[in-house]
Structure formats: C-alpha cells, structure tokens
Amino acid sequence: MSEPIKIIDAATPWIQGMIAGAPDWQRKAMKSAGWMMQQEIKRGIRSGAPGGRRYAAGVGSKMRREIDEIMSLRRQSREPKSRYNLLGKLPNAVVYQYKDGQVVVGWASKSAVRIGTWMEKGVDQPVTPPMRRMLLSAGVFLNEDTTRIVIPPRPTYDPMAQVLEPKVAPWIEQKLIEYAESGAPIAKSGGRKYKVFRSGLGASY
C-alpha cells in the first residue's frame, strides 16, 4: 500500500493568506478532498482497473455462482447473484478521516485491512488437510490435485495515488475559491465519522 500523498506548499500566497484567515474553510476543503478521493477509489475498484491498471482476472462469474449456489443451499438463504464484483463488497470499506490538519483515505476496519492487503499483495499458500476440511465445511470443494491457493496481486492504492496526486491541490484551491465567493457550506450535524485503520492515501495542506 502506498505512502500517503503529501500536498505541501502547493498553494499560492493568496490562498495561503485565505487559509490563515479562515481555518474552518481549510478543514472543510480538506474533508471535501477526502470525499473526492474516497469516491474515486471506490469507482476504481468497481471498474476492475483502478488508476487504469486492470486487475488480474478472477475465477469468473460462472464458478462464483456455483459456489454461491452451494453456500445458499447450506445457509438456506437468498438466491445467488447474477453478477459478481471481483473484490466483492470491499469498495464499501473505503473511507476518509480528517484529523489534525490532514485527511487520510483507507480501510474502515481491521478485517478490511486484512482482505485489502491480501488483494494488494496477493496470496500463495499451500492447501493443508485442515484448510481443505475447513473449506469443505463451508461448501467450497477443491479438486484433489489442488495443492496451493494462489490469488494474484491486485494493486489498488498505488495506481490510484498516481491518478489522484495531481488532483488534490487544485481541488482544495477550487473549494476555497468557492467558499470565498459564496460562503462555506454549513456543517451537517450528526454525520457519521469514520476511523481509518490503515491509510492508503493522504493529503496535508
């Protein structure tokens, strides 16, 4: 996972003066940039090609449906889906957090960090008898000749950082100009605040 993006000393003297005179505008502009990065990363994951770099192919919807059918029968739950996202619900776990003059974007839970790291780095693990039994109990059947589980790396944050880095400073400056012309938006009360367990991208201004 990439180091946080640092946007430092990118503002013009006029913008720097505006920030000094209206610190609340800076906070709101930074949070707006965090929201923008969050949405871009979610779209990148769902597109299957974050930052223009296509993920390695998965097992395919046909096999995913077959597994889902088995699991649905075992759980007596809903019907299998007709389409599957490669990373499942992982995009929902991308959140942003503003704290101490910096906004970071990353995973919203420890489990998302674990799964996201698997996807970023890939997995190559031997299939042991206990693992085979565990998978079998969950309704996942492996061929007898399957000796390893291999998940190819599917980088997300590094390619997205390359796309987002040049966008952050202009986004913040544009928001500050909008606030100077029309006033800053009124903060919403009771909004949900997220904690980022591991940041993938970040920005300071």
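Residues numbered from 1 in each chain as written. Predicted model: local features only at pLDDT ≥ 70, side-chain atom pairs only at ≥ 80, totals over all residues. Heavy atoms only, no water.

A.B. asks: When you look at helix 4 (residues 110-121) in this model, what are you seeing that I'm missing?
C.D. replies: What sets the pattern is the α-helix's 3.6 residues per turn: residues three or four places apart point alike. Between the first and last C-alpha of helix 4 there are 16 Å, a value that for 12 residues agrees with the 16 Å anticipated at 1.5 Å per step. Among the residues making up helix 4, those that are buried are Ala-112, Val-113, Gly-116, Thr-117, Met-119 and Glu-120. Taken around the axis of helix 4, the buried residues stretch over an arc of 160°, which confines them to a single face. Across from the buried face of helix 4, at angles greater than 90 degrees, the exposed residues are Lys-110 and Lys-121. Positive phi appears at Gly-122, one or two residues downstream of helix 4, with a value of about 85°. (Helix = DSSP H or I, 4+ residues; strand = E, 2+ residues; numbered from the N terminus. Expected span 1.5 Å × (residues − 1). Buried < 20%, exposed > 50% of the residue type's maximum accessible area, 1.4 Å probe, protein only. Arc of directions from axis to C-beta.)

A.B. asks: Would you explain the nonpolar core in this entry?
C.D. replies: Of all hydrophobic cores here, the largest spans 28 residues; its most connected members are Met-37, Ile-41, Trp-107 and Leu-201. Mapped onto this core, the elements with two or more residues apiece are helix 2 (23-47), strand 2 (102-107), helix 4 and helix 6 (157-182). A total of eight residues in this core trace back to one element, the largest contributor, which is helix 6. (Core = buried A, V, L, I, M, F, W, Y, C linked by side-chain atoms within 4.5 Å.)

A.B. asks: Can you walk me through the confidence of the model for the protein in this structure?
C.D. replies: Detailed reading of the predicted coordinates is not advisable wherever pLDDT is low. Confidence in the prediction of the protein, expressed as mean pLDDT, is 77, and 72% of residues score 70 or more. Averaged over each element, pLDDT in the protein is lowest for helix 3 (residues 61-75) (49) and highest for helix 2 (91). Predicted confidence for residues 1-9 stays below pLDDT 50, and this span has 35 contacts to residues more than four positions away or in other chains. (pLDDT = per-residue confidence, 0-100. Contact = heavy atoms within 4.5 Å.)

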